[in-house]
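Observations on the model geometry
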Amino acid sequence: MRPLFLLVVLVISIAFGAVTVFAARFYRSRQVLFGAMWYGRGQAALAAGDSRAAVQDFRNALYFSHDDPDYRLRLAEALVASHHIPEAQAYLITLWQDEPSNSTVNLQLARLAAQ
């Protein structure tokens, strides 16, 4: 009787583990999807010249994908376009610290310094 009980507990544990892994992967894929959606909206808003909407859209994108350096760079560019210079500079310096050889970040920092 005891080996049967242990087998049932093992099967149930494996099933719960599989469900947990599936749920975590599904959640992460939804986060990536939402981040990409907001990033696309921010790109469109920035291209249309609406930097204020672009800032909010890029912030939303970063909420879902906070480690993406492209999202942070585009947010910094939108902040510059909407004249939030200190905040843009903070994002750019953080990006520079992560990757000092990034030419786009260096160019943006140089442009801010020239202003």
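Keep in mind the model is a prediction, meaning the values are calculated, not measured.

All right, on to the overall build of the protein then. Scanning the protein from N- to C-terminus turns up five helices and zero strands. Relative to its length of 115 residues, the protein is extended, with a C-alpha radius of gyration of 22 Å against a globular reference of 13 Å. For the protein, the spread of C-alpha atoms along the principal axes amounts to about 80 × 30 × 20 Å. Buried residues in the protein amount to 30% of all 115 residues. Residue pairs at least 24 apart in sequence account for 41% of intrachain contacts in the protein once pairs closer than 6 positions are excluded. For the protein, the exposed area adds up to about 7,900 Å²; of that, 64% sits on carbon and sulfur atoms. Measuring between centres, the 10 positive side-chain charges of the protein sit 9 Å from its 9 negative side-chain charges.

With 14 residues, helix H2 (residues 51-64) should reach 20 Å at 1.5 Å per residue; the first-to-last C-alpha distance of 20 Å fits that figure. In this fold, the buried residues of H2 make contact with helix H1 (2-47), helix H3 (69-81) and helix H4 (85-98).

A separate point is the pattern of salt bridges. A side chain of one charge can pair with a side chain of the opposite charge if their charged atoms are brought near each other. Tallied over the full model, the rule gives three salt bridges. A salt bridge links glutamate 87 to arginine 59, with the shortest nitrogen-to-oxygen separation between them at 2.8 Å. With glutamate 87 in helix H4 and arginine 59 in helix H2, the pair connects residues that are 28 residues apart, well separated along the chain. The class for arginine 59 is partly exposed, based on a relative accessible area of 31%.

We now examine unusual backbone geometry. One non-glycine residue, histidine 83, lies in positive phi territory at about 65 degrees. Among the structural elements, histidine 83 can be located in the loop between H3 and H4.

Thresholds, definitions, all that
Residues numbered from 1 in each chain as written. Predicted model: local features only at pLDDT ≥ 70, side-chain atom pairs only at ≥ 80, totals over all residues. Heavy atoms only, no water. Helix = DSSP H or I, 4+ residues; strand = E, 2+ residues; numbered from the N terminus. Rg over C-alpha atoms; globule rule 2.2 N^0.38 Å. Buried < 20%, exposed > 50% of the residue type's maximum accessible area, 1.4 Å probe, protein only. Contact = heavy atoms within 4.5 Å. Areas by Shrake-Rupley, 256 points an atom, 1.4 Å probe, with all protein chains shown as cover. Lys, Arg positive; Asp, Glu negative; His and termini not counted. Charge placed at Lys NZ, Arg CZ, Asp CG, Glu CD. Expected span 1.5 Å × (residues − 1). Salt bridge = Lys/Arg side-chain N within 4 Å of Asp/Glu carboxyl O.

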